[in-house]
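Architecture at a glance
For reference, the chains in residue letters:
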Amino acid sequence: MIKNNLKIAIRILWKNKLFSLVNILSLSLSMAVGVILFTGLKATFDTDHFHPELNQIVRVLTQEIKEGGQTKWATAPLPLATQMESVSFIEKTVKVRLAGKHNLQTDKGDVPVDIKFSEPSFFDVFGFKLLSGNAKSLANNSTTLFLTEKTAEKIFGSTNVLGHTLQFESLGSYTVGGIIQDPPLETHLPIEAMLSINSAEMLEKKGAISSISQDWGGFKSSAIYARLKSEDDIKQLNATLQNYNRKLDKSNLQFLAQPIEDITPRKIDLKNNPNAGTSWEDVKTQLFIILSLTLLAAFNYISLALARAFSRAQEVGVRKTIGATRGQVIGQFLLESTIVALLALLFTVPCVTTLAHYIPDMDDVTFSWDISLIVGLITYAVITGLVAGAFPSWLLSAFQPIQILRKMKNIKLFRGVAIYKALLVVQFSVTILFMILVVIVADYDRKNRAIISSTVPSNVLTLDLKGEKYQNLQNEISQLSQVETILATNWYYEPIKMGKDSVTFNDKILEMKYVSIDPKAIETEGISLLAGQNFPSTMPQSTEQYVLVNEAAAKLLESKSETLVGQNLLLDSASVQVIGIIPNEIIGQQLPLIYRYLPNEITTLTIKIKPNTELEATKAIQSVWKNHFPEKTANLYNLKEYRYSGEVNGEISGEMEMFGGSALIVMIIAALGILGIASYSVETRTKELGIRKILGANNIKLVWIVTKNFGVLILNAGLIGVPAGLFGGKLLREEMGSHLDLGLINLSIGFGLVALVGLLTVLSQTIRAGQIEPVKVLKAE
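Note that this is a predicted model, so its numbers are computed, not measured. (Residues numbered from 1 in each chain as written. Predicted model: local features only at pLDDT ≥ 70, side-chain atom pairs only at ≥ 80, totals over all residues. Heavy atoms only, no water.)

Brief notes about the overall build of the protein
Helix and strand content of the protein: 26 helices and 24 strands. Expressed as a percentage of its 781 residues, the buried residues of the protein come to 50%. In the protein, the proportion of contacts linking residues at least 24 apart, taken out of those at least 6 apart, comes to 79%. Accessible surface, the protein: about 37,600 Å² in total, of which carbon and sulfur atoms supply 56%. (Helix = DSSP H or I, 4+ residues; strand = E, 2+ residues; numbered from the N terminus. Buried < 20%, exposed > 50% of the residue type's maximum accessible area, 1.4 Å probe, protein only. Contact = heavy atoms within 4.5 Å. Areas by Shrake-Rupley, 256 points an atom, 1.4 Å probe, with all protein chains shown as cover.)

A closer look at helix α8 (residues 234–241)
Along α8, the positions that sit buried rather than exposed are Ile234, Leu237, Thr240 and Leu241. Viewed along the axis of α8, the buried residues span an arc of 115°, placing them on a single side of the element. Buried positions along α8 lie against β1 (57–66), α3 (79–84), β3 (90–106), β10 (222–228) and β12 (252–259). (Arc of directions from axis to C-beta.)

Some thoughts on the environment of Lys235
Relative to the helices and strands, Lys235 resides in helix α8. Lys235 sits 21 residues away from Leu256 along the chain, and the two C-alpha atoms are 9.6 Å apart.

Re unusual backbone geometry
Most peptide bonds are trans, and most residues other than glycine sit at a negative phi. Cis geometry is found at the peptide bond from Thr264 to Pro265, where omega equals -5°. Residue position: Pro265 is located in the loop between β12 and β13 (270–271). The backbone phi angle of Ser170 is positive, close to 75°, even though this residue is not glycine. Its location among the elements puts Ser170 in the loop between β7 (165–168) and β8 (172–180). At Asn612, a residue that is not glycine, the phi angle is positive and equals roughly 65°.

Remarks on the pairing of strand β21 (residues 574–582)
Looking at chain direction, strand β18 (residues 531–532) and β21 are connected through two bridges and run antiparallel. In the sheet register, Gly532 faces β21, and the bridge partner there is Gly580. As defined by bridge partners, strand β19 (residues 546–550) adjoins β21 across five bridges and the pair is classed as parallel. Its bridge partner being in β21, Asn550 is matched across the sheet by Ile582. (Pairing = 2+ DSSP bridges.)

Observations concerning a nonpolar patch on the surface
Taken together, the side chains of Phe288, Ile289, Leu291, Leu295, Ile383 and Val387 present a nonpolar region at the surface, about 530 Å² in accessible area. Elements with a minimum of two residues in the nonpolar patch: α9 (280–307) and α12 (371–397). Sorting elements by how many residues they give to the nonpolar patch places α9 first, with four residues. If you trace the backbone, Leu291 turns up in helix α9. Judged by its relative accessible area of 48%, Leu291 falls in the partly exposed class. (Patch = residues over 30% accessible without salt bridge, like charges linked within 9 Å, V, L, I, M, F, W, Y side chains within 5 Å. Salt bridge = Lys/Arg side-chain N within 4 Å of Asp/Glu carboxyl O.)

So, the pairing of strand β20 (residues 568–571)
Along β20, the buried face is formed by Leu569 and Leu571; none of Asn568 and Leu570, which line the opposite face, is buried. Taken together, the two bridges between strand β16 (residues 499–505) and β20 define a ladder with antiparallel strand orientation. The residue of β20 that forms the bridge with Thr504 is Leu570.

Considerations on the sheet that holds strand β24 (residues 636–638)
In spatial order, the strands read β15-β23-β14-β24; together these four strands make up an open sheet with antiparallel pairing. In this open sheet, the two strands that pair with only one neighbour each are β15 (483–488) and β24. Sheet twist, expressed as the mean angle between neighbouring strand axes with direction ignored, is 25°. Against the sheet, helix α15 (residues 471–478) engages β14 (460–464), β15 and β23 (604–609), with an angle of about 165° to β15. The sheet contacts of helix α19 (residues 614–628) involve β14, β23 and β24, and relative to β14 the element is tilted by about 20°. (Axes fitted to C-alpha atoms, helices over the stretch in contact; angles between N-to-C directions.)

Brief notes about the pattern of salt bridges
Under the definition given, this model contains 15 salt bridges. When the shortest N-O distance is used, the salt bridge between Lys632 and Glu468 registers 2.8 Å. Of this pair, Lys632 sits in the loop between α19 and β24 while Glu468 sits in the loop between β14 and α15; the two residues are 164 residues apart in sequence, bridging distant segments of the chain. The exposure class assigned to Glu468 is partly exposed, which follows from its relative accessible area of 25%. A cluster of three or more residues bridged by salt bridges with shared partners is formed by Asp443, Arg446, Lys447 and Asp741.

Looking at the packing of aromatic side chains
All told, the structure shown has 12 aromatic pairs when counted by the stated rule. Positioned above the aromatic ring of Trp216, the side-chain terminus of Arg246 is 4.0 Å from the ring centre. (Phe/Tyr/Trp six-rings, centres within 6.5 Å; stacked < 30°, edge-to-face > 60°. Lys NZ or Arg CZ within 6 Å of the ring centre and 35° of its normal.)

Here it is, written out as structure tokens:
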């Protein structure tokens, strides 16, 4: 029976190829996000599953107990590892010091590389493999450096780099002694570069890094792992760890073991655990989204199935006449919907796999295509197919043969389509929301590119000071023949680096951001103040007397520009006078900002050079830098190309990609949903339209009669979607600045585009109303 039904289902789907393809496309779009979420969840649960004997590996956690409560950390003090080495049921321990990003000096500038210090046992406990080199060199040679394949490719363009010497800023020179194979799955312990733990101890003595090797209080930047002889030893290990509890000046430390398999999904109450993947709360959210998408896919399938209800009804009548039961008919329809869902899955998976490289945060996600993922995706497709086919199969199987074969056109499939209309309104409301955001962001990007193009000169270079004193360097660079002006500033039309301070004014205490600015920057760039005056030509470097604020800051302080100028503010505990108000930034976010002169916080020199002298100026500035700081690389870039390369080259912003992709998917899904309902509406009103045509209605009026109700639905969706889009735009404005235009034109364009697509989709079906032949319609009645 099943085999026979399968043959019939395949034959029917093939006979109605166009309808089947539309259904497959509709389900594919809904299932695509579900497949992405499934693969993301699989990557999370696959994390660290490439380590051998995974259930015997543990990580030591630190529980810090203070008077105000207790905090659990995913890190542990290094001296604890020495104590654990004597425990009989521990095979091996591993110390890992988390050093963070350090600048690798190259001819093309600094390359930030994440560094971890460890020891040879790292490769015994974990499943990381060395493609070349010897793990023991980490113990024998303190200048040995291991790189991962990905890092070696990024730096050298090749993994054949053994023996090459690399210079790290503040750390010194190291020789590449091994290449670590990139792990096949995600890991909570990502590696870019590894140095010897002995090297860390030597750097501590030089003062290059903090001294934590023997410090029980320095547990926040180191981790300890152990391989047990048996997974059953973990309880005994937790009991043993209680013997190593430590009492510090302001806290007590307790230690406990965590199986490495329990690291993911991430525990939100565990600190210093950044690479542990998705949290359990996020997993639940993603499962809810998958369920919602399943229902959305089902709705579209139902609407398209109803459009074909009349053509399938005679088939049902004939099958029942020759003895088919209702259960058999239901099974037939469910089998068809399940096959369509499985075909949609076969179409979706390759597309998602191919497009994953272009999806933010997805290109680096790794997971295994094993039986559990395949079964999970197939189950997801089957459930989607069963849910989608449930209502049409129940509805059509209820028809009585005599009803169908006599007057099918008089049969009402259900008394109303209110629920379907409501769902269509919801779908189009969401589409309008996303489309308005797309239009707003596109308009913002266009205007921002125009502002950057006209405002930021192409002959300005930026030089990272790397924490060095700059006065002598600035004076020497200013003497170069290619240089017009040079500013020591953390701001150039928008903040380059910001700080945050507590501001007290008129009994109001606020947290506000500030930038350190060259006193000459405002005058040099020709910026007109709204009120007050610029910094004096001579400013004391030791004490701060004056500040400038922008419009947004003045508004936040609830003061008019005229009255704020001359008033004193408390920045932390220092009293300063507001000397002037400048306009908000015309590029980027318009944050409330205080402009201060803090020479010790300056991080950048902004150098305007003479036109067409960039090559000569770059060489000259690098030479001056090398004379002052020979151990550090000069990070010198063209400001416009470095900070605004995406805008200058017309690249699509991340917000535009996100909202644009979402709007496209939701619009197609909504269009397919209204397509089925429109087709069904024409079928059920055939007799009425035939009579109207006999009474004199022309083709345009007939089309209008059927179409106008859908126009009302789209207008209703606009009543919900436009305010929602406006609200979303206001939230975006808080992030992107007041340049975001939420005016009537952008709102109208967003709504108009969706309405146009919706009406064209409806007209593709309702235009058939004008082609009705009354004689044939009434003859059938």
